[in-house]
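# Descriptive structure summary
Each chain, written out:
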Amino acid sequence: MVKNRKFIYAKPFEGEPKVSNFKLVEEELPALKDNEVHFEAVAISVDPYMRAIASYIKPGATMIGSQVAKVVESKHPNFKPGQLAVGQFGWQTNYIGDPDLVMSPFGSKEPPHLLPDFQGLSPSLGLGVLGMPGNTAYFGLLDLCKPKPGEVVVVTAAAGAVGSLVGQIAKIKGCKVIGFAGSDDKVEWLKKDLNFDYAFNYKKIDVLEALKQAAPDGVDCYFDNVGGVMASKIISCMRNFGRIACCGAISTYNDDTPPDAPAVQIYMIMKQLKMEGFLAQRWADRWFEGIKQNVQWVKEGKLKYKETVTKGFEKMPEAFICMLKGDSTGKAVIMV
């Protein structure tokens with residue numbers, strides 16, 4: 001028998017998540033059956049989407065999330081002991097089951113896949129720049145916004161796991177990049193290390209004032225991670241035929257009622273803007289295209305990353321809460 005520790009979603013969130021929303025429990029897992037695999041967690045991800053789709057999680061269920069996990073034992077033809085895989089195994093130290101039946105938190109079929117060879121890079125990057133956040137940035141920016149050299153690209157939550165990569169990919173494509181983040185340290189990182197043309201602390205300067213300085217002629221592409229009033233202000237500053245990729249709305253996730261924000265329809269109509277929401281699973285059939293390109297850019301020094309690492313499985317709730325408060329930079333990862 002395998003002893004497993006897991007965090008269950010103990011009671012629904014009300015406003016900001018609290019440690020009391022989760023409960024750590026232990027259980028014994030059964031022996032493997034045919035076609036099953038025993039995965040042992042190596043690194044576990046915490047992401048903003050977990051708060052956004054909390055209403056779909058039933059109290060008492062294992063908290064959702066992706067892992068880099070090691071194959072301990074296998075009765076499945078595609079997985080061998082010692083291999084590393086990425087899968088939606090949730091907040092738990094062990095998982096036993098048929099990997100072909102594992103579902104993504106969005107309900108689409110997304111079986112675990114073996115971790116590609118990252119050529120000496122940390123396996124935890126399979127949860128960040130070389131995983132779902134990396135592909136979210138890659139496909140969301142390039143396929144939806146289609147930035148052209150010389151265009152102005154704005155990204156919010158720019159120091160986060162996705163936003164920091166969006167800005168760098170836009171720079172690789174020859175764009176002028178403006179980022180908004182929530183602290184002076186993050187702003188300094190964006191400008192000094194990631195080569196953003198402009199970066200602003202939205203807590204200290206109004207978005208409209210910042211864009212007057214950085215983009216007096218308007219914005220061509222907007223990668224939206226925050227939603228709310230900030231998004232409405234940026235959309236009002238866009239040029240004709242601008243493109244908007246709606247990736248997240250982190251500013252609203254803890255709200256019990258929908259927030260009021262200025263209407264954007266007049267700008268959408270008069271400036272003939274295109275706005276599209278998306279989930280990264282849309283590009284499941286091209287998944288490794290994004291990872292392969294991002295690996296190459298990392299190796300070339302064109303794509304830099306940062307991980308905020310928390311050590312210890314028992315600290316998962318605290319790491320999740322800190323990530324949502326903006327206390328982490330880059331990708332938040334728990335090393336088990």
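Structure first, text after, so check above.
An account of the accompanying structure is given in this report. (Residues numbered from 1 in each chain as written. Predicted model: local features only at pLDDT ≥ 70, side-chain atom pairs only at ≥ 80, totals over all residues. Heavy atoms only, no water.)

### Describing the overall build of the protein chain
What counts here: Under the DSSP-based scheme used, a helix requires at least four consecutive residues in state H or I and a strand at least two consecutive residues in state E, with every element numbered from the N terminus. Just to be clear, the radius of gyration here is over C-alpha atoms, and the globule rule we use is 2.2 Å times residues to the power 0.38. Exposed residues in this analysis have more than 50% of their type's maximum accessible area, buried residues have under 20%, and partly exposed residues fall in between, with area computed by a 1.4 Å probe over protein chains only. In this description, contact between two residues means that some pair of their heavy atoms is separated by no more than 4.5 Å. Surface accessibility follows the Shrake-Rupley procedure with a 1.4 Å probe radius. Residue values consider only the protein chains on display as shielding.
Assigned secondary structure in the protein chain consists of nine helices and 15 strands. Here the C-alpha atoms of the protein chain give a radius of gyration of 20 Å, agreeing with the 20 Å that 2.2 N^0.38 yields for 336 residues. Across the 336 residues that make up the protein chain, the buried fraction comes to 53%. Relative to all contacts within the protein chain whose residues are 6 or more apart in sequence, the contacts with residues 24 or more apart total 69%. Taken as a whole, the protein chain presents about 15,200 Å² of accessible surface, with 52% of it coming from carbon and sulfur.

### Quick word on empty space enclosed by the protein
Selection rule: In this analysis, the protein atoms alone were mapped onto a 1 Å grid. Cavities are point sets where a 1.4 Å probe fits without being able to get out; pockets are open sets with protein on both sides within 12 Å along at least five of seven lines; lining residues have an atom within 4 Å of a point. Grid points are joined across faces, edges and corners, and a volume is the space filled by probe spheres set on the points. Residues are grouped as follows: Ala, Val, Leu, Ile, Met, Phe, Trp, Tyr, Cys and Pro are nonpolar; Asp, Glu, Lys and Arg are charged; all remaining types, including Gly, are polar.
Enumeration according to the criterion identifies two cavities of 30 Å³ or more in this entry. The calculated volume of the second largest cavity comes to roughly 80 Å³. Lining the second largest cavity, in full, are Leu125, Gly128, Val129, Ala161, Ser164, Leu165, Tyr305, Lys306, Glu307, Gly330 and Lys331. For the lining of the second largest cavity, the per-class residue count stands at five nonpolar, three polar and three charged.

### What about the nonpolar core?
Inclusion rule: Nonpolar core, defined: a set of buried Ala, Val, Leu, Ile, Met, Phe, Trp, Tyr and Cys residues in which side-chain atoms within 4.5 Å join the residues together.
Core analysis: the largest hydrophobic core is formed by 48 residues, its most contacted members being Phe118, Leu130, Leu141, Ile169, Leu190 and Phe223. Breaking this core down by element, the ones donating at least two residues are α2 (132-145), β8 (152-156), α3 (163-172), β9 (176-181), α4 (184-192), β11 (219-224) and α8 (287-299). Per-element accounting of this core gives the leading share, seven residues, to α2. The residues contacting Leu141, other than those within four sequence positions of it, are Thr136, Lys146, Pro147, Val153, Val166, Ile169, Ala170 and Phe223.

### Topic: the packing of α2 against α3
Helix-helix packing: each pair is described by the crossing angle between the helix axes and the interaxial distance. Condition: Every axis in this analysis is a line fitted to C-alpha atoms, fitted for helices over the stretch in contact. Angles between the N-to-C directions lie between 0 and 180 degrees. Note that the term roughly parallel is reserved for angles under 35 degrees, roughly antiparallel for angles over 145, roughly perpendicular for angles of 65 to 115, and oblique for everything else. Helix crossings get a hand from a simple test, with the near helix turned counterclockwise from the far one by less than a right angle marking a left-handed crossing and a clockwise turn marking a right-handed one.
Between α2 and α3, whose axes approach to 9 Å, the crossing angle comes to 45 degrees. Considering their axes alone, α2 and α3 lie oblique with respect to each other. The hand of the α2/α3 crossing is right-handed. On α3, the residues touching Pro133, Gly134, Ala137, Tyr138, Leu141 and Leu142 of α2 are Leu165, Val166, Ile169 and Ala170. Of the residues belonging to the contact of α2 with α3, the class tally is nine nonpolar, one polar and no charged.

### Remarks on the pattern of salt bridges
Rule in force here: What makes a salt bridge here is a side-chain nitrogen of Lys or Arg within 4 Å of a carboxyl oxygen of Asp or Glu, nothing more.
Under the counting rule described, the total for this entry stands at twelve salt bridges. With a shortest N-O distance of 2.6 Å, Arg243 and Glu151 are connected by a salt bridge. With Arg243 in strand β12 (residues 238-246) and Glu151 in the loop between α2 and β8, this pair connects stretches of sequence that are 92 residues apart. We note that Arg243, like Glu151, is buried. Across the salt bridge formed by Asp206 and Lys233, the nearest N and O atoms sit 2.7 Å from each other. In this pair, Asp206 is assigned in the loop between β10 (198-201) and α5 (207-214) and Lys233 in helix α6 (residues 228-236), connecting sequence segments 27 residues apart. Connected through salt bridges with shared partners, the residues Asp143, Arg286 and Glu289 form a single ionic network.

These values are about where atoms sit, not about what they do.
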